[in-house]
Amino acid sequence: MELPNSARAVVIGGGVAGCSVAYHLARLGWSEVILVEQHELTEGTTWHSAGFVGQLRSTVTQTKMIMYSAGLYPELTELTGMDPGWRGVGGLRLATTTERVEESLRLAGAGETYGLGLSVLSGAEAKEMLPLLDVRDVRAALWLPGDGWLDPALLARALAAGAEKLGVRIFTGTRVTGLDVVGGEVSGVRLALGAEEWSVQADTVVIAAGAASGRVGRLAGVDIPVVPIKHQYVVTEPFDVPSSMPTVRDPDNIVYFREEGGGILVGGYIRNPEIWDTGHPLEEPRTLFAADMPKFQESWESAARRVPALGRTGIVKVVHGPEAFTPDGEFLLGETAVRGLWTAAGFCVHGLAAAGGVGKIMAEWIVDGSPEYDVFGMDLRRFGGHARSSSWARAKALDSYSKYYDIVYPGEERTAARPLRRSPAWVRHAELGAEFGEKSGWERVNWFASNADPSPEAREAPGGRGALEDQEARETRGDREARPAGWAGRVWSPAIRQECLATRDAAGLFDQTSFSKLEISGHQALMRLQRVCAGQLDRPPGSIVYTQLLNERGGIEADLTVTRLAEDRFRLVTGTAFGVHDAAWLRGHGLDVRDVTSAHACYCLWGPRALDILGTLSDDDLTFGYMRAREISVGNVPVLAQRVTFVGEFGWELYCPSEYGLTLWDALMEAGTPYGMRPAGYRAIDSMRLEKGYRVWGMDITPETTPVEAGLGFAVAKDKDFLGRSALEAAARRLACLVLDDPRQVCLVGEPVRLGGAPASRVTSGGYGHRVERSIAYAYLPAGTAPGDRAEVGVTGTWVGATVVAEPLYDPASDRIRHLPA
Ligand SMILES: Cc1cc2nc3c(=O)[nH]c(=O)nc-3n(C[C@H](O)[C@H](O)[C@H](O)COP(=O)(O)OP(=O)(O)OC[C@H]3O[C@@H](n4cnc5c(N)ncnc54)[C@H](O)[C@@H]3O)c2cc1C
């Protein structure tokens, strides 16, 4: 077969990911797709994989992807006659600690919302299923009937055969040696077939080169932060293990196993993983490393405790191979900084399980512009510029590998490679005992420990603090009473409540310097923004508009504010982690975007005393209206003050050039403290925004939800056309606010919701509202659901009664925001 001179798309890599992407591109009708592989198909990582397919993952999208994959195997068999060797034996996930039992209950609850039919068994029941197990320390076992395993190479070959049937041409022994880029767009690939060289022109190229993806990306000058890490499993000699044996995961003992050839295959996530330190990953076919039994010892001993028969069995095979890991343990999918150059890599030991879903997502993204699922968590653009640093990526990837089987508590913070990005006021936050969290490399204050124990002076200060003294004393001393039950109480402090109440009664000062700030200017700026924003932006300079960017299906791709700084100049403010993504979306729709995040510090001063506090620092007229922006001076600092709020109290976001940031923070703290103002953190913001019903992109609103469904119809312009408008139909479901009967039962995210005893939905975000003293959860429910309707929410295995309520719960008329404080 002759290589062509041009192709509609070139897929680089003949592992399971590349084969799936090629298959799905062809399935969506693309012709002239070629796949190039430097060795034979699957000879990177795929061929030696252990083949486990676990259906339940920690995120909604990953679970959907894996469920999709499971449905694909029969389709492939039918199309190609090749069976990927699927063994639907089911899976057991063992729990030996209280926390792991809680995790199992949470997972079982989540599984119900997907119709996965999971159940929680006792240790004895697990042993009945698999008599080989020693279950003396097993407190529960999650039974996952949809789990199983398959032959990885057969799966990749079946996908490749399917792709070929649909017209894809596959060239093995063909190495990519160069990527051509013209004006920021990919234009072709350069290839080597032995000594022969060849070029193929293409404006769509997908890097699915596994552990070599970083290296291939560099051929075009793009950063794909894949870190090759060694992973190992062993296979024992046969000892009559039945082929019907379910797969087993024993995460407390960092080990997993299944039947293989009448023996057992045992793999493990060791605590001290090792990077494959090479400049040329996968350059040789079928790379394996020498067995490292000392490193595997803990996994093997754990497995032998769990299956005592292993102690009497010899090991006949050790597979120690390379796998592509990423800084946060999530996949790397999407378009790179070079237009038309995509990647599908970084599968962190679940590439087989996800392969079908990966192909589907990538093909939809390339062909239609956006995939059906919300993929932000896997979007290559979730990292900042620091993803270029290999030392950062390596430190993060080693950390996420070594904690692979640890329980991930929502809100828990990882510590590797920190601190990195810091606000000008970081040093002051540290002095005040800030509990920092990390987002996109930024150090952000979750809460100030100093707020947990308010000083007598602060309590007596003007601002009504004294009235709260009894309550505060009760809660700071008697932490146990106030702490939410279960997982919501794990990453928690009484300071959060103090910060919320201070913001309600006096003021809170929040450092939101990490906000992503994008600028768009020029005589076409308004016209182009109007096309992509659902809100009406044609308003006078100084106006602020809250708006969404929609995809063709009406799904929300971004949620931000747009400030018209001048006739032809706009500043967009979006979430810390979303800047790169949102800028790419805008650029993809023809806008020229400048990321000015680093140029401006941002502090939010919110609360009824905010006007008094800022008044002591500024001679400017501060009475300008809600959703308006003005240039003012605060002390000696030039500031852009935006009258917006994300907590439901009067006040401003105050932006200043970064070099003034520390001075502005100090001035605000000095002026505000006598009024009872407190510095406050993101956990207080999250509590207060729930009370006000403010949505968070990536949780409550995503590319899978429309503004109509999300209750954001008020932000959609009726008097203009924009991208996604025609898809905005009447919604069959609506984002609804629930209040739990037991205020100590607090949701985090993903908890199952039942209506009339039947599974209905899952929580998009939840928390405790300190101003309304209620436990709040949001979930999409059928459109007919009305305030007063009853529901149940599964909080760690307990069904808690809940009522659908009218929202927002706090200040529904928004009097506190719109009017100047009395
Ligand atoms: C020991 C071990 C056990 C595993 N067990 C499981 C499991 O049980 N379940 C699971 O889901 N996952 C498992 N995995 C992970 C899984 O195998 C991988 O996620 C998956 O195979 C990755 O597929 P891929 O297509 O991204 O990469 P690969 O299979 O590595 O394919 C990439 C291909 O790109 C080619 N390539 C690279 N550079 C070039 C170039 N310049 N030109 C042309 N071609 C190039 C390579 O030759 C290679 O064939 C395991 C991994 C290991 C190491």
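Remember, it's a predicted structure, so these values are computed and weren't measured experimentally. (Residues numbered from 1 in each chain as written. Predicted model: local features only at pLDDT ≥ 70, side-chain atom pairs only at ≥ 80, totals over all residues. Heavy atoms only, no water.)

*Asks:* Please explain the overall build of the protein as it appears in this structure.
*Replies:* Within the protein, the regular secondary structure consists of 20 helices and 38 strands. Rg of the C-alpha trace for the protein: 28 Å, near the compact-globule value of 28 Å for 822 residues, within the 12% margin. In terms of its C-alpha atoms, the protein occupies a principal-axis envelope of roughly 80 × 65 × 50 Å. The 822 residues of the protein split such that 61% are buried. Pairs at least 24 apart in sequence give 72% of the contacts found in the protein among residues at least 6 apart. (Helix = DSSP H or I, 4+ residues; strand = E, 2+ residues; numbered from the N terminus. Rg over C-alpha atoms; globule rule 2.2 N^0.38 Å. Buried < 20%, exposed > 50% of the residue type's maximum accessible area, 1.4 Å probe, protein only. Contact = heavy atoms within 4.5 Å.)

*Asks:* Would you explain the pairing of strand S31 (residues 651-657) in this entry?
*Replies:* With respect to burial, S31 is a largely interior element, 6 of its 7 residues being buried. Where strand S28 (residues 600-606) lies against S31, 7 bridges are found, and the strand directions are antiparallel. Within the sheet, the bridge partner assigned to cysteine 602 lies in S31 and is tyrosine 655. Note that strand S30 (residues 637-642) and S31 share 3 bridges and pair antiparallel. Bridge pairing in S31 places glutamine 642 opposite glutamate 653. (Pairing = 2+ DSSP bridges.)

*Asks:* I keep staring at the sheet that holds strand S11 (residues 196-201) and nothing clicks. Help me out?
*Replies:* One key point about sheets: their strands pair by backbone hydrogen bonds, in either a parallel or an antiparallel sense. Taking strand neighbours across the sheet as the criterion, the 3 strands line up as S9-S10-S11 in an open arrangement whose pairing is antiparallel. Every other strand in the sheet has two partners, leaving strand S9 (175-182) and S11 as the edge strands with one partner each. The mean angle between the axes of side-by-side strands here comes to 25 degrees, regardless of whether they run parallel or antiparallel. One ladder, built from 7 bridges, connects S9 with strand S10 (residues 185-193); its direction is antiparallel. Bridging across to S10, valine 176 finds its partner in leucine 191. (Axes fitted to C-alpha atoms, helices over the stretch in contact; angles between N-to-C directions.)

*Asks:* Just to check I follow, could you spell out the site of the ligand for this structure?
*Replies:* Of all residues adjacent to the ligand, which total 38 residues, the nearest are Glu37, Thr45, Thr46, Phe52 and Glu323. Taking alanine 17, its main chain carries an N or O atom lying 3.0 Å from an oxygen atom of the ligand. Considered on its own, the ligand offers 1,000 Å² of accessible surface; in the complex 98% of this is hidden by protein. Among the elements of the structure, helix H1 (16-27), S9, strand S13 (227-236), strand S17 (315-325) and helix H8 (351-368) are those that each provide at least two residues to the shell around the ligand. (Near = heavy atom within 4 Å. Polar contact = N/O pair within 3.5 Å; in protein donor to acceptor, adjacent residues only side chain to side chain. Areas by Shrake-Rupley, 256 points an atom, 1.4 Å probe, with all protein chains shown as cover.)

*Asks:* Any chance you could explain the sheet that holds S13 here in plain terms?
*Replies:* Overall, mixed pairing links the 8 strands, which are arranged S5-S6-S4-S14-S15-S16-S13-S17 in an open sheet. Every interior strand has two partners, whereas the edge strands, strand S5 (119-121) and S17, have only one. Adjacent strand axes in the sheet meet at a mean angle of 25 degrees when their direction is disregarded. Judged from the 3 bridges that link them, strand S14 (residues 247-250) and strand S15 (residues 255-260) form a sheet pairing that is antiparallel. If you follow aspartate 250 over to S15, its bridge partner there is valine 255. Where helix H3 (residues 98-114) meets the sheet, its contacts fall on strand S4 (91-95), S5 and strand S6 (140-144), and the angle it forms with S4 comes to roughly 140 degrees.

*Asks:* What's the story with the nonpolar core in this structure? I'm lost.
*Replies:* One broad trend across soluble globular proteins is that nonpolar side chains are buried collectively. Counting residues in hydrophobic clusters, the biggest one holds 55 residues, and the most contacted among them are Val10, Ile12, Leu179, Val205 and Leu341. For valine 10, the residues in contact, after removing those within four places along its chain, are Ile34, Val36, Val189, Val200, Ala202, Thr204, Val205 and Val206. One finds Ala17, Leu150, Trp342 and Ala344 within the second-largest nonpolar core, a separate group that totals 50 residues. (Core = buried A, V, L, I, M, F, W, Y, C linked by side-chain atoms within 4.5 Å.)

*Asks:* Would you take a moment to explain the environment of glutamate 103 for this structure?
*Replies:* Positionally, glutamate 103 belongs in helix H3. For the pair formed by glutamate 103 and valine 222, sequence separation is 119 residues and the distance between their alpha carbons is 38 Å. Every residue in contact with glutamate 103, bar those within four places of it in the chain, is listed here: Arg93, Ile407 and Trp487.

*Asks:* Looking at this model, I keep getting lost on the state of the cysteines. Mind explaining?
*Replies:* In protein structure, a disulfide is the covalent linkage between the sulfur atoms of two cysteines. Applying the stated rule across the entire model yields 0 disulfides. Left without a disulfide partner, cysteine 500 is nearest to the cysteine sulfur of cysteine 604, which lies 15 Å away. Classification of cysteine 500 by relative accessible area gives buried; the value is 0%. Of all cysteine sulfurs in the structure, the one in cysteine 602 sits closest to cysteine 533, which takes part in no disulfide; the separation is 19 Å. (Disulfide = S-S within 2.5 Å.)

*Asks:* Quick question: what am I supposed to make of the environment of glutamate 75 here?
*Replies:* Topologically, glutamate 75 is positioned in helix H2 (residues 60-80). Separated by 506 residues in sequence, glutamate 75 and histidine 581 have C-alpha atoms that sit 34 Å apart. Each residue touching glutamate 75, except ones within four places of it in the same chain, is listed here: Tyr23 and Arg27.

*Asks:* Where do I start with the pairing of S6 in this structure?
*Replies:* S6 sits mainly inside the fold: 5 of its 5 residues count as buried. Here S6 shows a buried face lined by Ala140, Leu142 and Leu144 and a second buried face lined by Ala141 and Trp143. Sheet topology places S4 next to S6; 5 bridges connect them, and they run antiparallel. Its bridge partner lying in S6, alanine 95 is registered against alanine 140. Bridge analysis of S5 against S6 gives 3 bridges, and the strand direction is antiparallel. Following the sheet pairing, leucine 121 is matched in S6 by alanine 141.

*Asks:* In this structure, what is going on with the packing of aromatic side chains? I would like to understand it.
*Replies:* Two descriptors summarise a pair of aromatic rings, namely the distance from one centre to the other and the angle between the planes of the rings. Summed over the entire model, instances satisfying the criterion amount to 22 aromatic pairs. Here tryptophan 426 and phenylalanine 436 contribute two aromatic rings whose centre-to-centre distance is 5.8 Å and whose plane-to-plane angle is 20 degrees, an arrangement assigned as stacked. Here phenylalanine 436 lies in strand S20 (residues 434-439) and tryptophan 426 lies in helix H10 (residues 426-431), a separation of 10 residues in the sequence. Classification of phenylalanine 436 as buried rests on a relative accessible area of 15%. By way of ring pairs, the aromatic residues Phe52, Tyr256, Tyr269, Phe325, Tyr401, Tyr404 and Tyr405 are connected into one cluster. One residue, arginine 8, lies across the ring of tryptophan 30, its end atom 4.1 Å from the ring centre. In this arrangement the basic side chain of lysine 360 is found over the ring face of tyrosine 373, its NZ or CZ atom lying 5.0 Å from the centre. (Phe/Tyr/Trp six-rings, centres within 6.5 Å; stacked < 30°, edge-to-face > 60°. Lys NZ or Arg CZ within 6 Å of the ring centre and 35° of its normal.)

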